[in-house]
Structure formats: C-alpha cells, structure tokens
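A look at the structure
Spelled out, the chains give:
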Amino acid sequence: MALFEATRTLHFSDCDPAGIAYYPRYFDKLNSVVEDWWASMGVPWKTLFLQRRIGLPTVRFEVDFRAPAFLGDTLVFSLAVARIGRKSVDLDHCVRRDGAVLWHAKQVLVPTSLETHKSIPWPDDLRAALTSFQESPHAHHPAA
C-alpha cells in the first residue's frame, strides 16, 4: 500500500499547559499533511479551491488515541488511500513518534462544488491522481 509520509513538530501553541499535545491541534496538523499530499500529486489546494472551485470537506473522522505526545516531539504522519468512491475517498492515517503509534484516524473526504456546496463525482483528473497514488508501491515524502 502506498503511503504519504510527513513530519510535524509539536510546538508550544500545539500543547496544553502541561506540555501535552492538545488534540484539536492534531487535526490542524493532519489537515496540513492532507494538503501537502494533494500538492504532491500535482493538485495544489490554491488551484483546486480558488480556480476550479472544488472543495474537499471532511465528512467523517474516526480517531483512536493510544498515547500522548509532548512539546518538542517530532511526529511522523502516514496517509494511505483505503477506498476511492464515486463521490468520496477514505483515508487511513497513522501518527507515530520514534516508531511508536500515538493515534490512528480514518477520514472521509468528499469533493464538492464551491458554488452549490453539494457533493460532486470526482473529476477525471482527480480520480486519476488518487488511483495512481493508491496503486503506487512506494512511500511518498514531501519535497524538502
């Protein structure tokens, strides 16, 4: 299964007063990983949202937190495509620190028209990008 991997560091603004990752900030980091993943497939969100007027809202999240992360930790986010539907894509995420799993998430994204805010079928080029990624045998890392 192809993986997209990216690292993120937990900053002071990501933590509660005890220095433990504040879970809503995890979703901001995860969203930035998803944005980087789309860009790695040649689909920058600026073009998708502002020019093509296609949105990618999350319609479902399932999260299983297993261990805390702390201020200064470097986290490795891994993303895999589990399923490509006609009007959705299911993503599997795993977040690790030093190889240990901290949390897993399942996310469902749906392409929408930013004019009508209704779901739309995947445009051919976006479906092709998703399929190409899913079928790739290699891990993908964002450009440094």
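Read on for a plain summary of the structure. (Residues numbered from 1 in each chain as written. Predicted model: local features only at pLDDT ≥ 70, side-chain atom pairs only at ≥ 80, totals over all residues. Heavy atoms only, no water.)

**A word on the nonpolar core**
Counting residues in each nonpolar core, the largest one holds 36 residues, and the members touching the most others are V34, W37 and W38. Those elements that provide at least two residues to this core are β1 (3–9), α1 (23–40), α2 (45–51), β4 (74–84), β5 (89–97), β6 (100–109) and α3 (124–135). With six residues, the single largest contributor to this core is α1. Residues within four places of V34 in sequence aside, it is in contact with W45, L79, L91, H93, Q107 and L109. (Core = buried A, V, L, I, M, F, W, Y, C linked by side-chain atoms within 4.5 Å. Buried < 20%, exposed > 50% of the residue type's maximum accessible area, 1.4 Å probe, protein only. Helix = DSSP H or I, 4+ residues; strand = E, 2+ residues; numbered from the N terminus. Contact = heavy atoms within 4.5 Å.)

**Structural notes on a nonpolar patch on the surface**
Together, Y22, Y23, F61, V63 and F65 make up a nonpolar patch on the protein surface, roughly 470 Å² of accessible area in all. Tallying contributions element by element places strand β3 (residues 58–65) first for the nonpolar patch, with three residues. Residue placement: Y22 occurs in the loop between β1 and α1. (Patch = residues over 30% accessible without salt bridge, like charges linked within 9 Å, V, L, I, M, F, W, Y side chains within 5 Å. Areas by Shrake-Rupley, 256 points an atom, 1.4 Å probe, with all protein chains shown as cover. Salt bridge = Lys/Arg side-chain N within 4 Å of Asp/Glu carboxyl O.)

**Section: α3**
With twelve residues, α3 should reach 16 Å at 1.5 Å per residue; the first-to-last C-alpha distance of 16 Å fits that figure. Every buried residue belonging to α3 is among L126, A129, L130 and F133, and all of these are buried. All buried residues of α3 fall inside an arc of 95 degrees around its axis, so they share one side. Of the exposed residues in α3, those oriented more than 90 degrees away from the buried face are D124 and E135. (Expected span 1.5 Å × (residues − 1). Arc of directions from axis to C-beta.)

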